[in-house]
Amino acid sequence: LGSISCHESLGFLQSQLGSQNNKQIQLAILDGLILQPDTSSLPLLKAKLVGVRQEEVRQRILEAMKSIGTAEAARALIFEFENASGSGRAKVLKTMVGMNAEPLTAFFRDVLKNSQNSSFRVMSIRGLVQIGDSTILPVLETIRERDPDEKVKKEADSAIQELQG
């Protein structure tokens, strides 16, 4: 049903997500919403994210939010990152990589500058490269020279090569 692009199927999927508790059905509905990214799904996805306990469903909700691709969806993912803990933060950040929405450039730059977590810095570099932010080149050069983590230095070097084309 999700592969049929029409307003009626989208409305049906949205109504069913709100009422279904079965994990497999929720995953199928979310797959349909990923195939039909629509801003009208965002409030429902945000509400569903608050109460979900199943990790696979949670991740699929994040992916559905990413597929919407708007600045509002990016802000919702940033909010989720800021309020998540442990491995949940890493999963949200990883989901955001590859999304190109306005607030993410500043967000990735902030994580890159302020995070003590080397994996977060690596993912932020990847996010900035995916966005194509070549203004980050001077920062990447500094990271390549001074970051205490070798993986971050290597990622910065790869990013420099990719952004310079």
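Look up a bit, the structure's there.
Just so it is clear, the structure is predicted and the values come from calculations on it, not from any experiment.

Scoring rules and cut-offs
- The residue numbering used here restarts from 1 in each chain and proceeds along that chain's sequence as written.
- Whole-chain, interface and lining totals are the exception, using all residues; otherwise, since this is a predicted model, local features are given only for residues with pLDDT of at least 70 and side-chain atom pairs are given and counted only at 80 or more.
- Computation of side-chain values covers all heavy atoms of the structure but excludes hydrogens and water.
- Helix and strand assignments come from DSSP, with helices taken as H or I runs of at least 4 residues and strands as E runs of at least 2, each series counted from the N terminus.
- Exposed residues in this analysis have more than 50% of their type's maximum accessible area, buried residues have under 20%, and partly exposed residues fall in between, with area computed by a 1.4 Å probe over protein chains only.
- In what follows, residue pairs with any heavy atoms lying within 4.5 Å of each other are defined as contacts.
- Note on areas: these come from Shrake-Rupley sampling with a 1.4 Å probe, and a residue is covered only by the protein chains present in the view.
- Counted charges follow a simple rule, with Lys and Arg positive, Asp and Glu negative, and His plus the chain ends left uncounted.
- One atom stands in for each charge, and that atom is NZ of Lys, CZ of Arg, CG of Asp or CD of Glu.
- Stacked, edge-to-face and tilted are the three classes for Phe, Tyr and Trp ring pairs, Trp counted by its six-membered ring, which pair at centre distances within 6.5 Å; planes under 30 degrees apart are stacked, over 60 edge-to-face, the rest tilted.
- To sit over a ring, a charge needs its Lys NZ or Arg CZ within 6 Å of the ring centre and within 35 degrees of the ring normal.
- Helix axes are fitted to C-alpha atoms over the stretch in contact, other axes to C-alpha atoms as well, and angles between N-to-C directions run from 0 to 180 degrees.
- By definition in this entry, angles of less than 35 degrees are roughly parallel, angles greater than 145 are roughly antiparallel, angles of 65 to 115 are roughly perpendicular, and the rest are oblique.
- Classification convention: Asp, Glu, Lys, Arg as charged; Ala, Val, Leu, Ile, Met, Phe, Trp, Tyr, Cys, Pro as nonpolar; all other residues, Gly among them, as polar.

This brings us to the overall build of the protein. In terms of helices and strands, the protein carries 10 helices and zero strands. In terms of overall dimensions, the protein has a C-alpha envelope of 55 × 30 × 20 Å along the principal axes. Within the span of the protein, comprising 165 residues, buried residues form 44% of the whole. Across the protein, contacts joining residues at least 24 apart in sequence account for 58% of those joining residues at least 6 apart. Carbon and sulfur atoms make up 48% of the accessible area of the protein, which amounts to about 8800 Å² in all. Charged side chains in the protein number 20 positive and 20 negative. The centres of these two groups are separated by 5 Å.

Applying the stated criterion across every chain, the model contains three aromatic pairs. Between F107 and F108 the ring centres are 5.7 Å apart and the planes differ by 55 degrees, which places this aromatic pair in the tilted class. Residue F107 is classed as buried on the basis of its relative accessible area, which comes to 7%. Counting every residue linked through ring pairs, the aromatic cluster contains F81, F107, F108 and F120. Above the ring of F81, the side-chain terminus of R89 is found at 4.1 Å from the ring centroid.

Time to look at the environment of G32. Counting through the fold element by element, G32 comes out in helix α2 (residues 23-35). Judged by its relative accessible area of 2%, G32 is buried.

A word on the packing of helix α6 (residues 87-96) against helix α8 (residues 118-131). Close contact between α6 and α8 brings their axes to 9 Å; oriented N to C, the two are set at 10 degrees. Judged by the angle between their axes, α6 and α8 are roughly parallel. Each of R89, A90, L93 and K94 in α6 lies in contact with α8, whose residues at this interface are F120, M123 and S124. Residues of the contact of α6 with α8, tallied by class, amount to four nonpolar, one polar and two charged.

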